[in-house]
Each structure stands twice: as C-alpha cells, then as structure tokens.
Amino acid sequence: MNKPVIGVLGASGAVGRAAVRELRRLGHAGLRLGGRTASALSAVAEEDPAGHDETVRADATAPGGLRAFTEGCDIVLNCVGPTYRLRATVASAALAAGAHCVDVAGDDPAAEDLLKAGDPALDGRTVVLSAGALPGLSSLLPRWLAGQALDEAAALTAYCGGLETCSPTVAHDLMLSLTSGGADGAAYGEALAAVRGGRRVSRVLRTAEDTEHEAFPGRVAVQPYLSGESERLATVLGLDRLDWYNVHPGPAVRALLNVLPGRLAAGEEPDRLAERLILAADLDLAGRKPYYVMDLALSGTASARPATAGLTLRAASSYRLTAAVGALAVEAVLRGEVPAGVHFACDVLDPHPVVTHLRAHGAADIRLTGAAAEAEQVEEGVL
C-alpha cells in the first residue's frame, strides 16, 4: 500500500516548521512542503535525514500555484494565513484536488464557506478546522479534564496567554478578528462576556489591567473574552457558568491592544498596526524566556459529591502546541477516525491521545490538581 502524500502549506513558518517535525515524529516521511520562499522550504527539507521531502512553491493567494501544490496530495495541512482573509481558500483547493484538509485555524467563516459550496461528506472527504492551540486545544483540554475527573461539569474558569513572538499571521488575524471570525459575519468573540445559566451574557466581567495570577510569572493583564468555541464548549459540557480570560503579560502589547479598536475606527491601516504588534511582542520578550500557559479550573460533581479539577499546561511556545494538534488531526483523518464532512477539531479528536502526545514528546508540561490529580494517581496505581 502506498504511503499517503501529506502536503504542509506554510511549511517554513512558525507553525508549519513545527508541524513538519511533529509529522516526522509520528512516522510520516516524504512530505510535500509548500510555501512562497524556495530557500526557506529547502532549509526545512534539509532537516529530514532521509531526504525524502519535496518542496513546491505555493502561494495561497494565487490559485494556479495552490492548485499545483494540492494536486496529488491525499491530505493538506494548512498552516498559512491570515485565516480570516483566506477563509476556505486552501480547504476548497484541497477538496477540488480530491484531498482531505486540516486547517490549524479556519473557524466559523471557513466552515460557512465550505458548507455553502456543498457538503464534502457527499464525496467522502474530510475537513477539520480550528486544529490548533486556541481554538482547538483550548476546548480539547477542558473536555479531557471533565472526562478524567467529573461525572458532571457545572462551571469552568480559564486563563490563557503567554509571552512569545507574534507571527505576521497572528498579528493580521488579530486585526481582522475585531470585525470578523465568528459565525454569520460577526466578530470572533465578545470582550467582557461570559456564560451564565448556560447562555451568553454581555458585560458581566471586568478587565484587570495590572494583577497577579499564580500560573503566570510577574504582573499581567487579564481580559474576559468569550468566543464561539467557548460557547460551544459550554453547551457540550452542559456548563452553567464559563469565564474565559485572555492573559497579556507584556506591557507593550497590552498598551497597543487597548487602543487597537479606536485606531482601526479612526482609519489607521491594519497592516501598519499588525507591524506595530509584532514589534511590541518583540519588545516585551527582550531578555525574557518565552512561555505559554493554559490554566483551567473545572467544578462539578464526582460520585454524587461536589468536586473540583484543575489543569495547568505550560509550554515554551503556543506555535508548537498548534503544530502538534494539527499533526494529530492529520493522523486521525488518515486513520479513518474522523467522518467525512466539515468539522471543528475539538468535536472529532479524542482528547486523550492529544494530551498523551503533548506530555510524551515534551511539547508541554501538564500538571493536575484536585479530583483530576486524584484520578490520575488511581490510574497510575492500577497500571
């Protein structure tokens, strides 16, 4: 049986390069590496000791070059953006070539475009969207935590953020997310909103500009932010309450984020603001060690008694976390574990092997507390 042809688009970027390494770690060889810069692609290909990878110049904004890249692929892992500008461009090209597609981002706009064009399930093809750190792992981890420790979940409080470089894709997507990225043309999420009584309630939480949190070193700013993914998570877990906070440790990034809406409304160029965000992240990181944290506190019941379960994930890079989830989604599709059609990663990936992979290969340090730690100790004792 021939090995599947896996195409990685954006293979020389921050996420793409890490994704190539994750795929090789999973035993996949002979990858097709796509991107706009031949020299950068060659450098990634040279990391393959067997020398079986091929490089193909491909630009997601140029249909001809994208078609040449997707033709002959069995599955395409898309690591390029900006996500909210490209929407379903790469997935559509993959489907047209008869290939499956995994997108480390994508979100609701891509799903809407794909479903308007016709359900890929009719042709037996699969598209997995939001297969990254946030969104993606940000929903997989709470689902895993609930399954490990609780019979029924009632409330979740989450703090996610870190100190790291800001890629051009992330910077541009952040600008676009203020006016797009959610369902039906809405913004990606709503600041200060939370879930109460199982539904979204606006302006129920407040931002803390200068505070401390035990999972994060130093002083940080925390901003409540409710995304579509978080709302879906609350529905899946049956949560009565959900508070989600984005954490911003760097003062330069915090200061710029505070004025972004006003600057955009005043007509300042988004591309220029994206460049400023990249520089601000570099300034905050100067002389400091990069990190990324997801801290979760879940409450509910276990054995008919009130219980709480905590999880703190620490990683050197959110980009590697995104790469790992994307690579594992590719693996799941190739194994036939994901049905045909358009899906969000958190709905179709088994959280357990994701957590196991992150721990086993050093992508993240995951510590458990409360009922989750007790359950893991029992499991280890049984083993």
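This write-up is about the structure you can find in this document. In this text the structure is predicted, and so the values were computed from the model without any measurement.

Thresholds applied
Residues numbered from 1 in each chain as written. Predicted model: local features only at pLDDT ≥ 70, side-chain atom pairs only at ≥ 80, totals over all residues. Heavy atoms only, no water. Phe/Tyr/Trp six-rings, centres within 6.5 Å; stacked < 30°, edge-to-face > 60°. Helix = DSSP H or I, 4+ residues; strand = E, 2+ residues; numbered from the N terminus. Buried < 20%, exposed > 50% of the residue type's maximum accessible area, 1.4 Å probe, protein only. Core = buried A, V, L, I, M, F, W, Y, C linked by side-chain atoms within 4.5 Å. Contact = heavy atoms within 4.5 Å. 1 Å grid on protein atoms, 1.4 Å probe; cavity = no way out; pocket = protein on both sides within 12 Å on 5 of 7 lines; lining within 4 Å. Points joined across faces, edges and corners; volume = space filled by probe spheres on them. Nonpolar A, V, L, I, M, F, W, Y, C, P; charged D, E, K, R; others polar. Pairing = 2+ DSSP bridges. Axes fitted to C-alpha atoms, helices over the stretch in contact; angles between N-to-C directions.

### Notes on the packing of aromatic side chains
Within a pair of aromatic rings, the relevant descriptors are the distance that separates the centres and the angle that separates the planes.
Step number 1: Taken as a whole and judged by the stated rule, the model has 1 aromatic pair.
Step number 2: For the pair Tyr159 and Tyr245, a centre-to-centre distance of 4.7 Å together with 5° between the ring planes defines the contact as stacked. On the criterion of sequence distance, the pair formed by Tyr159 in strand β7 (residues 152-163) and Tyr245 in strand β13 (residues 241-248) is long-range, its members being 86 residues apart.
Step number 3: Tyr159 sits in the buried class, given a relative accessible area of 18%.

### Section: the nonpolar core
Generally speaking, a soluble globular protein has its nonpolar side chains buried in company with each other.
Step number 1: In terms of nonpolar packing, the biggest core is built from 102 residues, with Leu137 and Leu313 touching the most fellow members.
Step number 2: At 11 residues, helix α12 (residues 318-334) tops the list of elements feeding residues into this core.
Step number 3: Ignoring anything within four residues of it in the chain, the contact list for Leu313 reads Leu137, Leu141, Tyr292, Val293, Met294, Leu321, Leu358, Ala364, Asp365 and Ile366.

### A few points about the layout of surface pockets
Step number 1: Each pocket or cavity is described by its volume, and for the second largest pocket that value is around 220 Å³.
Step number 2: Around the second largest pocket, the lining residues are Leu26, Leu328, Glu331, Ala332, Arg335, Glu337, Val348, Leu349, Asp350, Pro353 and Val354.
Step number 3: Contributions of two or more residues to the lining of the second largest pocket are made by α12 and α14 (351-360).
Step number 4: At 3 residues, α12 tops the list of elements feeding residues into the lining of the second largest pocket.
Step number 5: Split by residue class, the lining of the second largest pocket holds 7 nonpolar, no polar and 4 charged.

### Describing empty space enclosed by the protein
Step number 1: Inspection of every chain in the model, using the stated rule, returns 2 cavities of 30 Å³ or more.
Step number 2: If you add up the space inside the second largest cavity, you get close to 30 Å³.
Step number 3: Looking at the second largest cavity, the residues that line it are Leu129, Ser130, Pro135, Gly136, Glu229, Arg232, Phe344, Ala345 and Cys346.
Step number 4: Residues that form the lining of the second largest cavity fall into these classes: 5 nonpolar, 2 polar and 2 charged.

### Describing the environment of Ala315
Step number 1: Mapping Ala315 onto the fold places it in strand β15 (residues 305-315).
Step number 2: In this structure, the C-alpha to C-alpha distance between Ala315 and Tyr292, residues 23 residues apart in sequence, is 5.2 Å.

### A few points about the sheet that holds strand β6 (residues 126-129)
Step number 1: Read from one edge to the other, the open sheet built from 7 strands follows the order β3-β2-β1-β4-β5-β6-β16, with strand pairing classed as parallel. The open sheet has two free edges, formed respectively by β3 (54-57) and β16 (341-344), since each of these has just one partner strand. Within the sheet, the average angular offset between the axes of one strand and its neighbour, ignoring direction, is 15°.
Step number 2: Sheet topology note: the strand β2 (residues 32-35)/β3 ladder contains 4 bridges and is parallel. Bridging across to β3, Arg32 finds its partner in Glu54.
Step number 3: The strands that helix α1 (residues 14-25) touches are β1 (6-9), β2 and β4 (75-78); relative to β1, the one it contacts most, it runs at about 160°.

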